[in-house]
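As a plain string of letters, each chain reads:
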Amino acid sequence: AEFTFNPLKNKDLLKMRDEMKKEIEENSDNLIPLRLQIWDEELREVAGPLEKNLSLLRVLYPIILIVSAIVSGFIAFLMILQRTKDSSIMRILGVPRSYVRKSLVLEVIMLTLAGLILGILIMLLVTQSIAVIDITSLLIIFGSYLLGALLGSLISAKIVLSKQPLEMLDKE
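Our subject in this report is the structure included herewith. (Residues numbered from 1 in each chain as written. Predicted model: local features only at pLDDT ≥ 70, side-chain atom pairs only at ≥ 80, totals over all residues. Heavy atoms only, no water.)

## Concerning the overall build of the protein
Check the secondary structure of the protein and you find seven helices and zero strands. Starting at the N terminus and ending at the C terminus, the protein contains elements arranged as α-α-α-α-α-α-α. Expressed as a percentage of the 172 residues in the protein, the buried residues total 22%. For the protein, the exposed area adds up to about 12,800 Å²; of that, 68% sits on carbon and sulfur atoms. (Helix = DSSP H or I, 4+ residues; strand = E, 2+ residues; numbered from the N terminus. Buried < 20%, exposed > 50% of the residue type's maximum accessible area, 1.4 Å probe, protein only. Areas by Shrake-Rupley, 256 points an atom, 1.4 Å probe, with all protein chains shown as cover.)

Given below as structure tokens:
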């Protein structure tokens, strides 16, 4: 038997029940009476809440995706702002702005990639199978989180490097 949670297909259950009853009656050898019993009402009671949960998840998924990308950008922003003193010392020592910017951004990206890979490995250990995971949605989540971290780090690196190095050291 094939069960589906598509409400349009669940309506075909009544038609399918009649066809199955007819098939059993025609192929019965009358030694043991066979009877087909489908608890379609119970199936509808179970499938209804599941369909509602799936529709709720379809609505919440993009919202959660956007919020996680914003959070990753904010975390990257804060990580670079904490390195203000280090970047000002590097600039006083004569290191070019482009090198300081690259080092700040690459540090955040490497930490983000390490965290994402570690998270995927833990998820694989917990689920015990890669068949449970939808690769497309995993890549979308991975990319959006990485994009948020990249944007946050670029914005904060621009803010940090736009100030004079001695001014940044005086504030701390």
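Here the narrative resumes, following the displayed structure.
## Some thoughts on the environment of Ala149
For Ala149, the position within the fold is in helix α6 (residues 135–161). For Ala149, a relative accessible area of 1% corresponds to the buried category. Here the alpha-carbon distance between Ala149 and Gly73, two residues 76 residues apart in the chain, equals 4.3 Å. If we skip the residues at most four places from it in the chain, Ala149 touches Ser72, Gly73, Ala76, Val108, Ile109 and Thr112. (Contact = heavy atoms within 4.5 Å.)

## Description of helix α5 (residues 97–127)
A turn of α-helix holds 3.6 residues, and therefore any two residues three or four places apart point the same way. With 31 residues, α5 extends 45 Å between its outermost C-alpha atoms, agreeing within 8% with the 45 Å of an ideal straight helix rising 1.5 Å per residue. What α5 keeps buried is the set Val100, Leu104, Val105, Val108, Ile109, Thr112 and Leu116. Just downstream of α5, Gln128 is the residue with a positive phi angle, here 65 degrees. (Expected span 1.5 Å × (residues − 1).)

## Overview of the packing of helix α4 (residues 84–92) against α5
The contact between α4 and α5 brings their axes to 10 Å, and the two run at 155 degrees. When the axis of α4 is compared with that of α5, the two are roughly antiparallel. Classified by chirality, the crossing of α5 by α4 is right-handed. On the side of α4, the interface is formed by Ser87, Met90 and Arg91, while α5 contributes Arg97, Tyr99, Val100, Ser103 and Leu104. Among the residues forming the contact of α4 with α5, the class breakdown is four nonpolar, two polar and two charged. (Axes fitted to C-alpha atoms, helices over the stretch in contact; angles between N-to-C directions. Parallel < 35°, antiparallel > 145°, perpendicular 65-115°, else oblique. Left-handed = near helix turned anticlockwise from the far one by under 90°. Nonpolar A, V, L, I, M, F, W, Y, C, P; charged D, E, K, R; others polar.)

## Thoughts on the nonpolar core
Ala76, Ile80, Val100, Leu104, Val105, Val108, Ile109, Ala149, Ala157, Val160, Leu161 and Met168 form the largest nonpolar core, which has twelve residues in total. When residues of this core are assigned to their parent elements, the largest contribution, five residues, is made by α5. When residues no more than four places from it in sequence are discounted, the contact partners of Leu161 are Arg91, Arg97, Val100 and Arg101. (Core = buried A, V, L, I, M, F, W, Y, C linked by side-chain atoms within 4.5 Å.)

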